[in-house]
Amino acid sequence: MKPQPGWPSSSCPSPSFSPHRVDVCVVEMRLSVAARKLWCIRKQLIVLLVPLLFLPLLFTLPEKEGKCLYVVLLMAIFWCTEALPLAVTAMLPVCLFPTLGILPSKKVCIQYFLETNFLFLSGLLMASSIEEWGLHRRIALKVLSIVGLQPAKLILGMMMTSSFLSMWLSNTATTAMMLPIANAILESLFGDLETLKEKCKSPSDPELDLINGQSSVKLHSLPSVATEKQTLSGERSEEVEQCDPRTPEEIQSEAQYQMKVWKGFLICIPYAASIGGTATLTGTAPNLILIGQLKTYFPNCELINFGSWFAFAFPLMLIFLLVGWLWIAFLYGGLSPRLCFRKNERAEAEAKAKAVIVEEYRKLGRINFAEGAISFFFVLFAILLFTRDPKFFTGWSVLFKKGYVSDAVTGVIISSILFFFPSQKPSLSWWFDSRASNAPYVPLLSWKKAQESVPWNIILLLGGGFAMAKACEESGLAAWIGGHLQPLAEVPPAAAVMLITGFVACFTEFASNTATIIIFLPVIAELAIRVSVNPLYFMIPATIGCSYAFMLPVSTPPNSIAFASGHLMVKDMVKTGAVMNVLGILCVSLAINTWGVAMFNLTDNPDWAQTNRTTQVL
């Protein structure tokens, strides 16, 4: 009797040796095949089985509350597992809420394009025009040329640039743009990465085999990152190897230190991009979810707008960026006074890295008309949003009828101008010169570019969140859940803030931050009402905390991009990200309990929250 094809020769002995073991191996093989097949169709199984699993909710809970909870849990599972595309799950309220008798269709559909969505759309259009004309690249290279070339300073420069760009661009686009710039500078400082890995390699260290690509797991870089890196760094000339008087142990030690610094560069960029997005309302979707749900639950609350949010969140971003930089620089060797080189090599490496930055900035040439125009509209966009109604001084909105002009109006006005403002300097002589070429008119932003670069699925995701919040309010589900959270009233509010922020930050490690805040913000709002605390005291930290996902590659797209470079391991992100999460929770607690209390008067239970509570009871 011969072994059947497909039997693992290493784990299964010869059939003639033990028939019982052969049967066990056959069963294990069949179970393994079945498990692999089930894994292949896991999403389809989730879509089919989860609705059946939650059916008892429709019959065991109060009618409207049970139906709404059924839809909320269904969407939560689909969002967390991505059994359906996120945008498709976001559209489920359109079919489920009306058919289950929770909300009429006209109330559901209108949630998908509230003014909050228009504010988000205008921010995305501005970001598209910035990317179209390369202004973000000019900003990045200029900052890096200023900060200096010591590891700690360069890491700080990377984090400052990434966070600033992420305030206006998406954190994914920021990370994809900054990583190749970082790699080019690192190659100039430390030489070729593969050579550096060989110097680090130790025969008895299996983890370095993973770093050096010996693992069976294949990590693929994103094409956009690789292409931009090649463009930035260019072809490296071969250098004649010189005799190195150091011992192999010294070379290996120095190479390992350089590799740590390299990892620090790569890991700081996605973290800074996630931190920077919290500073503006348009920087990340959860901030806009907060605004939309405030309008749903507390329509009389007018404390949060672009200006007031920026005044609160920008100092928080700076503090967290500073402590995060200290932690990353300490962990990855950036705070060492040496630059991983002997004195003569240090000067040479710094000169090469400086040359890369200067050369790439020189290639951009002088700032052209389009970049200047985009810079002007970008600054105007920020100033108008900030000064419309910042709460701590009188804004320009008083020039118009009260309540008519919002941040969305401001954003759409500026973004609309981009579609007709010329990208080339207008010339009157063109009209009178018959020999002048009739070049096509090119605006700062075309609709084709907008269609390609704007993530329309996120707008649907926002709409799905607003529809869910509306259903939770009108069905009474939020009040029903809040009634079961009464024991939490015994927890001091300051401790509750830390618990809420920590829980949301942990949950968002495994789910989209937008989906996370959509699911939990209604519950958090009801909890605040039940314990007689200003709802903003709980809702603002939760909103910011759901952007603090640092521990896993799958937590956010920026983390995935950095991990896909192939130079980071999961344990690197977990080790760094766990402390970053703790630092983030502490920074948010500090902010909300100091200047947050003063800005939003968080010590009082406001009238707008009491009014909402009375309405729900009636």
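Note that the structure is a prediction, hence the values are computed from the model and not measured.

1. Quick notes on helix α6 (residues 92-99)
Okay, so step 1: Turning to α6, its buried residues number three or more, namely Leu92, Pro93, Leu96 and Phe97. For α6, the angular spread of buried residues about the axis comes to 95°, placing them on one side.
Okay, so step 2: Contact partners of the buried residues in α6: α4 (63-81), α5 (86-90), α7 (105-109) and α23 (456-475).
Okay, so step 3: Once α6 ends, the next one or two residues include Gly101, with phi positive near 75°.

2. Examining the confidence of the model for the chain
Okay, so step 1: Here the chain shows a mean pLDDT of 78. Residues at 70 or above account for 79%.
Okay, so step 2: The weakest mean pLDDT in the chain belongs to helix α14 (residues 223-233) at 40; the strongest belongs to helix α27 (residues 535-545) at 93.
Okay, so step 3: Taken as a whole, residues 614-618 scores under 50 in pLDDT and shows four contacts with residues more than four places along the chain or in a different chain.

3. Description of the side chain of Asn581
Okay, so step 1: For Asn581, the position within the fold is in helix α29 (residues 570-593).
Okay, so step 2: When residues no more than four places from it in sequence are discounted, the contact partners of Asn581 are Glu509, Tyr548, Phe550 and Met551.

4. Looking at the pattern of salt bridges
When charged atoms on two side chains of opposite charge get close, those side chains can pair.
Okay, so step 1: Considering all chains together, one arrives at twelve salt bridges under this definition.
Okay, so step 2: Lys107 serves as the salt-bridge partner of Glu474, at 3.4 Å between the closest nitrogen and oxygen. Here the residue Glu474 occupies a position in helix α23, and Lys107 occupies one in helix α7, the gap between them amounting to 367 residues.
Okay, so step 3: The partly exposed category is assigned to Lys107, whose relative accessible area is 34%.

5. Concerning the packing of helix α8 (residues 115-132) against helix α20 (residues 407-417)
Okay, so step 1: Put simply, α8 and α20 touch, their axes get as near as 8 Å, and they point 30° apart. As summarised for this structure, α8 and α20 are arranged roughly parallel, according to the angle between their axes. For the pair α8 and α20, the crossing hand works out as left-handed. Listed contacts from α20 to Glu115, Phe118, Leu119, Ser122, Leu125 and Met126 of α8 are Asp407, Ala408, Gly411, Val412, Ile414 and Ser415.
Okay, so step 2: The residue makeup of the contact of α8 with α20, split by class, is seven nonpolar, three polar and two charged.

About the cut-offs
- Residues numbered from 1 in each chain as written.
- Predicted model: local features only at pLDDT ≥ 70, side-chain atom pairs only at ≥ 80, totals over all residues.
- Heavy atoms only, no water.
- Buried < 20%, exposed > 50% of the residue type's maximum accessible area, 1.4 Å probe, protein only.
- Helix = DSSP H or I, 4+ residues; strand = E, 2+ residues; numbered from the N terminus.
- Arc of directions from axis to C-beta.
- Contact = heavy atoms within 4.5 Å.
- pLDDT = per-residue confidence, 0-100.
- Salt bridge = Lys/Arg side-chain N within 4 Å of Asp/Glu carboxyl O.
- Axes fitted to C-alpha atoms, helices over the stretch in contact; angles between N-to-C directions.
- Parallel < 35°, antiparallel > 145°, perpendicular 65-115°, else oblique.
- Left-handed = near helix turned anticlockwise from the far one by under 90°.
- Nonpolar A, V, L, I, M, F, W, Y, C, P; charged D, E, K, R; others polar.

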